[in-house]
Protein chains: 2
Amino acid sequence: MTHALSRRDLDFLLYEWLDVESLTARERFADHSRETFDGVLDLTADLADKYFIPHNRLADASEPTMRPDGTVEMIPDVQRALAAYAESGLIAGPFDHEVGGMQLPTTLARASMAWLQAANAGTSSYALLTAANAALLAEYGTPQQIDTFVRPMLEGRWFGTMCLSEPQAGSSLADITTRAERRPDGTYRVVGSKMWISGGDHELSENIVHLVLAKTPGGKPGVHSISLFIVPKYLPGDDGGRGERNDVTLTGLNHKMGNRGTVNTALALGDGTHRPGGEAGAVGYLVGEEHRGLSYMFHMMNEARIGVGFLATALGYVGYLKAVDYAAGRTQGRPIGAKDPAAPPVPIIAHPDVRRMLLAQKAYVEGGLALGLYCAKLVDDLDTAADAETAADLELLLDVLTPIAKSWPSQWCLKANDLAIQVHGGYGYTRDYDVEQHYRDNRLNPIHEGTHGVQGLDLLGRKVIMRGGRGLSLLGARISATADAARGRGGTASAFADGLDDAWRRVVEVTGTLWADGDPATALANSSVYLEAFGHVVVAWLWLDQYLACEDRSGDFYDGKRMATRYFFAHELPQTGPWTALLASLDDTTAVMEPNWF
Amino acid sequence: MTHALSRRDLDFLLYEWLDVESLTARERFADHSRETFDGVLDLTADLADKYFIPHNRLADASEPTMRPDGTVEMIPDVQRALAAYAESGLIAGPFDHEVGGMQLPTTLARASMAWLQAANAGTSSYALLTAANAALLAEYGTPQQIDTFVRPMLEGRWFGTMCLSEPQAGSSLADITTRAERRPDGTYRVVGSKMWISGGDHELSENIVHLVLAKTPGGKPGVHSISLFIVPKYLPGDDGGRGERNDVTLTGLNHKMGNRGTVNTALALGDGTHRPGGEAGAVGYLVGEEHRGLSYMFHMMNEARIGVGFLATALGYVGYLKAVDYAAGRTQGRPIGAKDPAAPPVPIIAHPDVRRMLLAQKAYVEGGLALGLYCAKLVDDLDTAADAETAADLELLLDVLTPIAKSWPSQWCLKANDLAIQVHGGYGYTRDYDVEQHYRDNRLNPIHEGTHGVQGLDLLGRKVIMRGGRGLSLLGARISATADAARGRGGTASAFADGLDDAWRRVVEVTGTLWADGDPATALANSSVYLEAFGHVVVAWLWLDQYLACEDRSGDFYDGKRMATRYFFAHELPQTGPWTALLASLDDTTAVMEPNWF
């Protein structure tokens, strides 16, 4: 039996909870219907079963290598899967008709991609990166850049990357040293070293379109001197094909703990290995204006961060489904208090501690999926907003939720993978079962696209105080609306509402306490703790909202949703108490600790 | 720079905190002195540097394989290290003079072994298993069995294993199906399959002494029909060497997520591959009496469980030391609130969130080491107890602390490894740095020698209610003594004492609440949560005790200890609040969840 996500859960989240079918009443999505949405999900599942799932473990065991001639070798299954995906047309799903897309709602596109991420994280990432790159260029590129670069990416002939980090600058982009210099013809020559570039070199596609951050003369120091460039592996040819080899050279592969199916590279730009136009230096094409590169890149980064959240969720989800299967089939031990030692052993799912581990996983992965899809729906609402004010509010809400959508699944769906190993016992620790790979693959997610620490600084240091804290108020209004609706139901729902209101009130209060003296050093000393508390309250809210969407329907599926909500409110939400109390105390333990005392 | 444990910390814990030098006043340890203790630690560090650390990564990358002839191939560095260790005589350290030991206190022997575990978990485990096996036989074997099997193990010529698990029975030993049948000469023939046997086959030693659990006719069903056997790979020869090949056959190797340096095997006993004495069946020698096998094995299991705790601590510890080094050397970003983007970047240890991650690691790994050494010191006190009543109390206290000593480091020092990866950022996710291997190696520890879930059931279901709860009272008396001493100091120490008293009171109260109706199903529904709460309170106690041992000494080392105590009381101990509240509510979420609802 193959596993990716649960279609039943996805149908619930999309149709019963978020009501994405109502999007088809909007002009942008008018060509769509429940049938086209289901068609996308069916097609995705079929691709996953046929092309993505079968080589997931093989790709982990046979990571890409660099040949003596400097090219990358990998198992052929990766290319076959990506060719089938390109053939399906799904890569262009959410793009505008005018660039060859199908104007699929982002919510559906994300659900489809998450399915592939659960099926095979390593292979799916080439497609994800390409779509993210194309989305940035579709937004900020010139018509000619779109024609030249976006179209072949949406056709799956060219792939894309994002080149931000350098060996000495990962989290701190102000310190990048790659430089670009303008030539009389308007092109640039780019020189520098880039590190951790996923999909940075391979033979999977005709060409690779790198989006590269580089400093150009004349800007203020730090991030304000950064511009964004298109630096293709091959310069575009006259016929829409690829032309001359650009001066972008693979200098090494990174050998990682997991996520080995995605080739991860160090690249030299402009080291003279190739001489396009007879001259060393990587040819680059400026995107938008000089010195605004980071703001364009953040457009892609925000999408990428939500994408990381989906990836973390997808890996947690598939591990959870496998753990449930294993626990239902593996027999061991007898019920607590059983008197007869000769009675046959029971499936381990009968043991409360195993059920605790499965319920925790369910609460994390279904909560993570709800969080991601909720954010995706906000993007659809933003893309179809009736007026500028609505759009501004939606964008602000999305800004506040993005660090949560990135960090929460990266932490808790990774924890789900840890629990999936534990449910499998000694077998889970071996490579004969999949769960240890899912853990290793997922361990990347709290690191890339902004570490957990960076997300905490972003949330508390920027997002919740932007525009006078309006983002926090907008989120609070939605949380209160859910709590009010739940209180209207009475009983258990009302008790959940009280718990949620109380937890949110503590988050809002502590935000004020932390910023009371306006000193960032005081406010941000424990920003990671703030991030965790905030995230748990947001997911509690989304669980209560799912609970309400179950209404009074009966059946195993709805009972499971209700129990997962109950688990989250009994076992998880109360953990925010000590976290907000610590924050409220303005604890400075970490701030006053001296390096020499370690 | 090589890393294992911190000698400064070890000196503090052994001499300033536990005062192990005072043990030399006892008859058993009269030959020893601070000089012999230091000599053992110096020798260990030297062995670690020369023989254990250098091949740690190589052993991970080149795991053992099975040759076509059924023998095990591994890198030669493992044998060289173990030969040097055997040569040092340390393997016999804590054993009695009369069997060739040096009557070293267990506390020192554990500290020495922990150093090797930090240096190279995979290679050290052969020595650890051999010593544990020899200790069991020294206790329960006949003089002839001791001569035949214990002496060659203490000389490092023969190695030992413990064979409990079977493919269908890991946590549930009642379900083992290996059987033994007595022959007229008093030997037995053993037939069955054993799984997950560490060190189960190799060419590292002349012979391998398996201690095997098997059922013999006539006992009650379940665990009461289990007996314990010595089943050597080669029958003992007349000359003290090895004789005929026994019918124990390697049937496969397990390929694990980590801990790859330790060969992990599936063994067939008595499948007729070999025919000792012309007959199929593995020859076994009964240890002690029939049907009491599990009680003997638990003697070894309890030692092994504390050993797992040390292993988990050691791996967390070495990762912590590497993370501190990395954070002090890696520059990135600027201090929060810094105005000048052109200022040079600072070492990442300057960032509060990095310090939080390092402080958490310090609190976990130094707390774990304190916990392990405290238990080891109890063993020394037990071995030299003045009277039976004192001995009984010490044994009971050790019984209560054993599930904590096993599970707490397995959970939190694994978390330390996770944080060490996070401190290293993208580099930590690669195999160019050591920390991901430490994580993978450590991930085994919450699984083997009784999973986390099994430890929770053992603590709450057995240990805290044994003898009318006397173990809980004994532990409470020690906790109160520390709290009282701290209150005498006033100030911060007094505030810590109040926090500790309050947390312990909640643990004791909730123990009563959980067992109020005497129904194990009610009591044990959330036993893992109980285990976690209990463990955090125990480690808070040991941190406060270390804090007191710092007295008013000044210097970086003592400031570090005080800050780690402060971290534990501010960030960690408060987490027990929601855990004990959940337990007190008799929450039955996990108990009522139905398998079909997942």
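Everything numeric in this text was worked out from a predicted model, so none of it was measured.

Caption draft 1: Layout of the UniProt feature "domain: Acyl-CoA dehydrogenase/oxidase C-terminal" (unreviewed entry) in chain A. What UniProt calls "domain: Acyl-CoA dehydrogenase/oxidase C-terminal" (unreviewed entry) maps, in this numbering, to residues 292-457 of chain A. Counting secondary structure, residues 292-457 of chain A comes out at 75% helix and 0% strand; the distance between its end C-alpha atoms is 22 Å.

Caption draft 2: Structural context of the pairing of strand β11 (residues 264-269) of chain B. Residue and element names in this part refer to chain B. In terms of burial, β11 is largely enclosed, as 6 of its 6 residues are buried. Of the two faces of β11, both are covered, the one formed by N264, A266 and A268 as well as the one formed by T265, L267 and L269. The pairing of strand β5 (residues 188-198) with β11 spans 5 bridges and is classified as antiparallel. Within the sheet, the bridge partner assigned to S193 lies in β11 and is A268. As paired elements, strand β10 (residues 248-253) and β11 share 5 bridges and run antiparallel to each other. Bridge pairing in β11 places L253 opposite T265.

Caption draft 3: Layout of the environment of E21 of chain A. Residues and elements named next belong to chain A. Turning to its location among the elements, E21 is positioned in the loop between α1 (7-17) and α2 (34-52). Exposure remark for E21: the relative accessible area of 35% places this residue in the partly exposed category. Setting aside anything within four residues of it in sequence, one finds E21 in contact with Y15, R34 and F37.

Caption draft 4: The side chain of S494 of chain B, seen in detail. Residues and elements named next belong to chain B. Here S494 is to be found in helix α14 (residues 491-514). A residue is classified by how much of its surface remains accessible, and S494, at 15% relative accessible area, is buried. S494 has contacts with A486 and R487, leaving out every residue within four places of it along the chain.

Caption draft 5: Quick peek at the UniProt feature "domain: Acyl-CoA oxidase/dehydrogenase middle" (unreviewed entry) in chain A. Within the UniProt annotation, "domain: Acyl-CoA oxidase/dehydrogenase middle" (unreviewed entry) is assigned to residues 162-265 of chain A. For residues 162-265 of chain A, the end-to-end C-alpha separation is 12 Å, with 0% helix and 46% strand making up the annotated structure.

Caption draft 6: Structural context of the packing of aromatic side chains. Residue and element names in this part refer to chain B. Taken as a whole and assessed by the stated rule, the structure comprises 47 aromatic pairs over all chains. Considering the side-chain rings of W504 and F534, the 5.6 Å spacing of their centres and the 75° angle between planes classify their relative orientation as edge-to-face. Within this pair, whereas W504 is found in helix α14, its partner F534 is found in helix α16 (residues 527-549), the two being separated by 30 residues in sequence. Owing to a relative accessible area of 8%, W504 belongs among the buried residues under this scheme. F534 gets classed as buried once you look at its relative accessible area, which sits at 0%. Against the face of Y234 rests R245, its NZ or CZ located 5.4 Å from the ring centre.

Basis of the calculations
Residues numbered from 1 in each chain as written. Chains lettered and ligands numbered in written order. Predicted model: local features only at pLDDT ≥ 70, side-chain atom pairs only at ≥ 80, totals over all residues. Heavy atoms only, no water. UniProt positions renumbered as here; feature names shortened; annotations may be inferred. Helix = DSSP H or I, 4+ residues; strand = E, 2+ residues; numbered from the N terminus. Buried < 20%, exposed > 50% of the residue type's maximum accessible area, 1.4 Å probe, protein only. Pairing = 2+ DSSP bridges. Contact = heavy atoms within 4.5 Å. Phe/Tyr/Trp six-rings, centres within 6.5 Å; stacked < 30°, edge-to-face > 60°. Lys NZ or Arg CZ within 6 Å of the ring centre and 35° of its normal.

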